[in-house]
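# Secondary and tertiary structure notes
Letter by letter, the chains look like this.
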Amino acid sequence: MKKICWISLLLILLSLQFNCAPPPPLEEKPLPVPIESPLVRIGLAENLTSLEFTSNGKIEIYDQDQLIANILGWDQKWVVDIRNTQPATIVYRLRYLETLDGRDALEKYQSLKSQGLPVVLERIKKRIFHDAALQTRTFYWILHQSEFENQDEVYRHQWQRNDKSKGVAQPLIKTPPQGELIITNRESGDQYRASRIMTIRGEQFSLTLPAGEGYHFEQQLTRRYHDQLNLVIDRFGKLTVVNIIPIETYLIGVVGSEMQEKFPLEALKAQAVAARCYTIAQIGKQHQLSPFDLCDEVHCHVYGGIDRESPRVSQAVAQTHGRVLIHSNKICDTFYAGVCGGHSENNENVWPGEPQIYLQGRPDANIKKFPADFFKDESNVRRWIESSPNVFCNTQQGDVPDYLNYTVKYFRWSQRYSQHEISQIIRRKTGENIGRLLEIVPVERGVSGRLKKIEFIGDKKKIIIEGELNIRKSLSDNYLYSSCFVIDREGSEFIIKGAGWGHGVGMCQTGAAMRALEGHSYQKILKHYYQHAELVKLY
């Protein structure tokens, strides 16, 4: 079959005026049994030795479930310290199966026993969404009897035993952490104590905590939060701060953090649905050894609390109240990224796991797709990155609203390093001394041109780096904006030219804003970025 010329394809993109017939609107279907808006547990900080915060209004302080103080006052300053702490004992075991089906678990257990494997069948409780409700469910785990200190030992043991069964290294808390929390009123000197968990319920709290750790926007921020704080002696024997809040209130703080409030309302509504889906789908999957469901960072959702709330964002959340996307009767893991660079990426090319039909990469334009092998050709990748295609998230062409100016630097970008500088970054970030970097070789790319595998060739050794985030981390003191890039060499300097900001899976937030400016509804925006998903009202 004759290969489609890259020039023809770019001409299509450069001349595209987005006048294609619009797809039918995403139909909303109700679920038969609605549920109430649930509470979610959001981790604000871990591994602290102390905490200072301010409360306004009435607060109640609990030791576990026992009320120990009831205080009314404004601008009350508090400090929390920990004493006599002991970290948890963490062990790793090989987990062969996790299922809700007891019969399936028993059959698999008997099969593994018959193979001579020393396995045990155990029940554990996990908090998940199931049958359209947030429930604590009983899961069945089949585990190897042996305990190990880390996951490497688990897989080494499996390899030495020639165990061909699929399994994962499962961390488990063998003995819980211990310790005491002491909260002191800065003005009155009053003190209250709790063992391991202290709950504080109130109207409003103000905390100064780290934000954006490891990224180019890392900083200390003072934020205000609603409702309830849980202060917990965590598995490290340190202090973890958790905000417990209704999911719809939480989403206002998320949408206002993930998008600017001036974004078009339909884009904010699309973001609200995507964030709600992701929140619900991830409960029980993330931070399994932590006393919260999701963190407040890029790893889960950026959550800015009260200070990121606004009437427009509240309106977007309220007008999509309880609405989620589902596929095959499951709530979709609706990932999203800041600027896709013109083409989104398949989920399986970024993270381990099965391909999801609603998370397959496609152009951020009103065309169906590129030729399947387009980005396998390095010359096409270069021409794509060095061009300015007429796609929705291209804010480098034409006039864009002021609130989108911050995205301009992400659509196409470059980073220049000296040979010494980049060699040292690779050594620090990978732990491998390759010597002087001689060449960076793209090995494998995804459907958007994002790198899945890359080779660094030094004068001492060669190494292969796999994984989108690992690649971005290995070439920057923080993280490169994306893994969609090409490399040029000018004398002793390396120039990285890239496209986009973020992993590129799911909704392009900048593209969503530009689509909304074109008059697209939030249903139409979601339909483009999450194909084959249905919009339903969950509660």
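In what follows, the structure referred to is the one given above.
Structural notes, computed from the coordinates. Just so we're clear, the structure is a prediction, and the values are computed from it rather than from any experiment. (Residues numbered from 1 in each chain as written. Predicted model: local features only at pLDDT ≥ 70, side-chain atom pairs only at ≥ 80, totals over all residues. Heavy atoms only, no water.)

## Quick notes on the overall build of the protein chain
What counts here: Numbering goes from the N terminus for both helices and strands, where a helix is a DSSP run of H or I of at least four residues and a strand is a run of E of at least two. Between buried and exposed lies partly exposed: a residue is buried under 20% and exposed over 50% of the maximum accessible area for its type, with that area taken using a 1.4 Å probe on protein chains only. In this description, contact between two residues means that some pair of their heavy atoms is separated by no more than 4.5 Å.
The number of helices and strands found in the protein chain is 12 helices and 26 strands. Projected onto the principal axes, the alpha-carbon positions of the protein chain cover approximately 75 × 60 × 55 Å. Expressed as a percentage of the 539 residues in the protein chain, the buried residues total 52%. Nonlocal contacts in the protein chain, meaning residues at least 24 apart in sequence, comprise 70% of its contacts between residues at least 6 apart.

## Examining helix α11 (residues 509-517)
Counting buried residues along α11, 8 of its 9 residues qualify, which places the element largely inside the surrounding structure. Along α11, the residues that are buried comprise Gln-509, Thr-510, Gly-511, Ala-512, Ala-513, Met-514, Arg-515 and Ala-516. In the core, the buried residues of α11 are packed alongside α4 (247-258), α5 (265-282), β18 (336-337), β25 (507-508) and α12 (522-529). The first or second residue beyond α11 is Gly-519, which carries a positive phi of 100 degrees.

## Some words on the state of the cysteines
Formally, a disulfide is one covalent bond, and it connects the sulfur atom of one cysteine to the sulfur atom of another. Cut-off, in case you're wondering: In what follows, a disulfide is any cysteine sulfur pair within 2.5 Å.
On inspection of all chains with the given rule, the structure shows 0 disulfides. Cys-508 supplies the cysteine sulfur nearest to Cys-340, a cysteine that is in no disulfide, at a spacing of 3.7 Å. Among the cysteines around Cys-393, which has no disulfide bond, Cys-340 carries the closest sulfur, lying 3.7 Å off. Given a relative accessible area of 1%, Cys-393 falls into the buried group.

## Looking at the environment of Tyr-192
Looking at the secondary structure, you find Tyr-192 in strand β10 (residues 191-195). Counting along the chain gives 131 residues from Tyr-192 to Ile-61, while the straight-line C-alpha distance between them is 8.2 Å. In contact with Tyr-192, other than residues within four places in its own chain, are Ile-61, Ile-68, Ala-69, Ile-71, Trp-78, Leu-181, Ile-182, Ile-183 and Met-198.

## Quick look at the sheet that holds strand β19 (residues 412-418)
Applied cut-off: Paired strands, in this sense, are two strands between which DSSP finds at least two bridges. Angular values range over 0 to 180 degrees, each being the angle between N-to-C directions of two axes fitted as lines to C-alpha atoms, with helices fitted over their stretch in contact.
Strand order in the open sheet made by the 3 strands is β19-β24-β23, with antiparallel pairing throughout. With one partner strand each, in any of the chains shown, β19 and β23 (485-490) form the two edges of the open sheet. Taken pair by pair, the neighbouring strands of this sheet meet at an average axis angle of 20 degrees, ignoring direction. Examined bridge by bridge, β23 and strand β24 (residues 493-499) share 6 bridges and lie antiparallel to one another. Along β24, the bridge assignment pairs Phe-485 with Gly-498. In the packing of helix α7 (residues 378-385) onto the sheet, contacts are made with β19, β23 and β24, and the angle to β23 comes to roughly 90 degrees.

## Things to note about the pattern of salt bridges
Where charged atoms of side chains with opposite charge meet at close range, the side chains can pair. Spelled out, the test is: When a carboxyl oxygen of Asp or Glu lies within 4 Å of a side-chain nitrogen of Lys or Arg, that pair is called a salt bridge.
If you walk through the whole model with that rule in mind, you get 28 salt bridges. Its salt-bridge partner being Glu-180, residue Arg-193 comes within 3.4 Å of it at the nearest N-O pair. Highlighted residues: Arg-193 in strand β10 and Glu-180 in strand β9 (residues 178-185), separated in sequence by 13 residues. Its salt-bridge partner being Glu-444, residue Lys-452 comes within 3.0 Å of it at the nearest N-O pair.

## Things to note about the nonpolar core
Note the threshold: Within this scheme, the nonpolar core is defined by two criteria: the residues are buried Ala, Val, Leu, Ile, Met, Phe, Trp, Tyr or Cys, and they are joined through side-chain atoms within 4.5 Å.
Formed by 108 residues in total, the largest nonpolar core has its most connected members in Leu-51, Ile-61, Tyr-250, Met-507 and Tyr-530. Considering each element in turn, this core owes the most residues, 11 residues, to α5. Counting 20 residues, the second largest nonpolar core, distinct from the first, contains Tyr-417, Ile-426, Ile-465 and Leu-475.

## As for the packing of α5 against α11
Two packed helices can be described by the angle between their axes and the distance between those axes. For clarity, the cut-off: Any angle from 65 to 115 degrees is called roughly perpendicular, while one under 35 is roughly parallel, one over 145 is roughly antiparallel, and all others are oblique. Left-handed describes a crossing whose near helix is turned anticlockwise from the far helix by less than a right angle; the clockwise case is right-handed. Residue classes follow a fixed rule: Ala, Val, Leu, Ile, Met, Phe, Trp, Tyr, Cys and Pro count as nonpolar, while Asp, Glu, Lys and Arg count as charged, and any other residue, Gly among them, counts as polar.
Packing of α5 against α11 leaves a shortest axis separation of 7 Å and a crossing angle of 140 degrees. Put simply, α5 runs oblique to α11. Both α5 and α11 take part in a crossing whose hand is right-handed. Here α5 contributes Glu-266, Ala-267 and Gln-271 to the contact with α11, which in turn contributes Gln-509, Ala-512, Ala-513 and Ala-516. Of the residues contributing to the contact of α5 with α11, the split by class is 4 nonpolar, 2 polar and 1 charged.

## Regarding α7
The periodicity of an α-helix, 3.6 residues per turn, causes residues three or four places apart in sequence to face the same way. For clarity, the cut-off: Directions pointing from the helix axis toward each C-beta atom define the arc.
Of all the positions in α7, only Asn-380, Val-381, Trp-384 and Ile-385 are classed as buried. For α7, the arc enclosing every buried residue in end-on projection is 130 degrees, short of the 170-degree limit, so these residues lie on one face.

## Observations concerning the sheet that holds strand β22 (residues 462-466)
Taken in spatial order, the 3 strands make up an open sheet running β20-β21-β22, and their pairing is antiparallel. The sheet is open, and its two borders are formed by β20 (437-445) and β22, each paired with just one other strand. Taking the axes of each pair of neighbouring strands and ignoring which way they run, one obtains an average angle of 20 degrees across the sheet. Bridge count between strand β21 (residues 451-458) and β22: 5 bridges; the pairing is antiparallel. Within β22, the position partnered with Ile-454 by the bridge is Ile-465. The sheet contacts of helix α9 (residues 419-430) involve β20, β21 and β22, and relative to β20 the element is tilted by about 55 degrees.

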